[in-house]
Amino acid sequence: MVKVLFFARLRQQLGMGETTLPDFSGSLSELRKTLCEQHPDWSPHLQRDDIRMALNQELVETGAQVKAGDEVAFFPPVTGG
């Protein structure tokens, strides 16, 4: 099982803070595609170029490999001031 978390405005846009994928292994890009296929209304939010992804609390590129037991987080860029 892969735990998937959504932060900041994504949490509001998707209507949830987390979900799970029971039998997933593949790249982050494939995970994002799977989520968008399962929830087509999420696609405009998750497919944005500025969305960041973390794997086990480390920022990674979309080619990073995800396996059972991993935690993936999606979040928009954050600005500070």
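Everything in this summary refers to the structure shown in the same document. Computed from a prediction, not measured in an experiment: that's the story for all the values here.

Turning next to the overall build of the protein. Assigned secondary structure in the protein consists of three helices and seven strands. Along the chain direction, N to C, the helices and strands of the protein fall in the order β-α-β-β-α-α-β-β-β-β. The globule rule puts the C-alpha radius of gyration for 81 residues at 12 Å, and the 12 Å found for the protein is close to it. Carbon and sulfur atoms form 48% of the exposed surface of the protein, whose accessible area is close to 4,900 Å². Taking the average location of the 8 positive side-chain charges in the protein and that of its 11 negative ones, the two points are 5 Å from each other.

Moving on to the layout of surface pockets. A probe matching the size of a water molecule, rolled over the atoms, marks out where space remains unfilled. A volume near 160 Å³ is recorded for the largest pocket. Lining the largest pocket are Arg32, Arg48, Asp49, Ile51, Arg52, Met53, Leu59, Val60, Glu61 and Thr62. Across the lining of the largest pocket, the residue classes tally to four nonpolar, one polar and five charged.

For the rest of this paragraph, the subject is the environment of Phe6. Along the chain, Phe6 turns up in strand S1 (residues 2-6). Under the relative-accessibility criterion, Phe6 is labelled buried at 0%. The spatial distance from the C-alpha of Phe6 to the C-alpha of Ala73 is 5.8 Å, given a sequence separation of 67 residues. In this view, Phe6 contacts Arg11, Leu14, Met16, Gly17, Glu18, Thr19, Leu35, Trp42, Leu46 and Phe74; residues no more than four positions away in its chain are not counted.

Another aspect to go through is the sheet that holds strand S4 (residues 52-55). The strand order S2-S1-S7-S4-S5 describes an open sheet built from five strands, whose pairing is mixed. With partners counted over all chains shown, the strands left at the sheet margins are strand S2 (18-21) and strand S5 (58-59), one partner each. Across four bridges, S1 lies against S2 in antiparallel orientation. When the bridges of S2 are listed, Lys3 appears paired with Thr20.

What counts and how
- Residues numbered from 1 in each chain as written.
- Predicted model: local features only at pLDDT ≥ 70, side-chain atom pairs only at ≥ 80, totals over all residues.
- Heavy atoms only, no water.
- Helix = DSSP H or I, 4+ residues; strand = E, 2+ residues; numbered from the N terminus.
- Rg over C-alpha atoms; globule rule 2.2 N^0.38 Å.
- Areas by Shrake-Rupley, 256 points an atom, 1.4 Å probe, with all protein chains shown as cover.
- Lys, Arg positive; Asp, Glu negative; His and termini not counted.
- Charge placed at Lys NZ, Arg CZ, Asp CG, Glu CD.
- 1 Å grid on protein atoms, 1.4 Å probe; cavity = no way out; pocket = protein on both sides within 12 Å on 5 of 7 lines; lining within 4 Å.
- Points joined across faces, edges and corners; volume = space filled by probe spheres on them.
- Nonpolar A, V, L, I, M, F, W, Y, C, P; charged D, E, K, R; others polar.
- Buried < 20%, exposed > 50% of the residue type's maximum accessible area, 1.4 Å probe, protein only.
- Contact = heavy atoms within 4.5 Å.
- Pairing = 2+ DSSP bridges.

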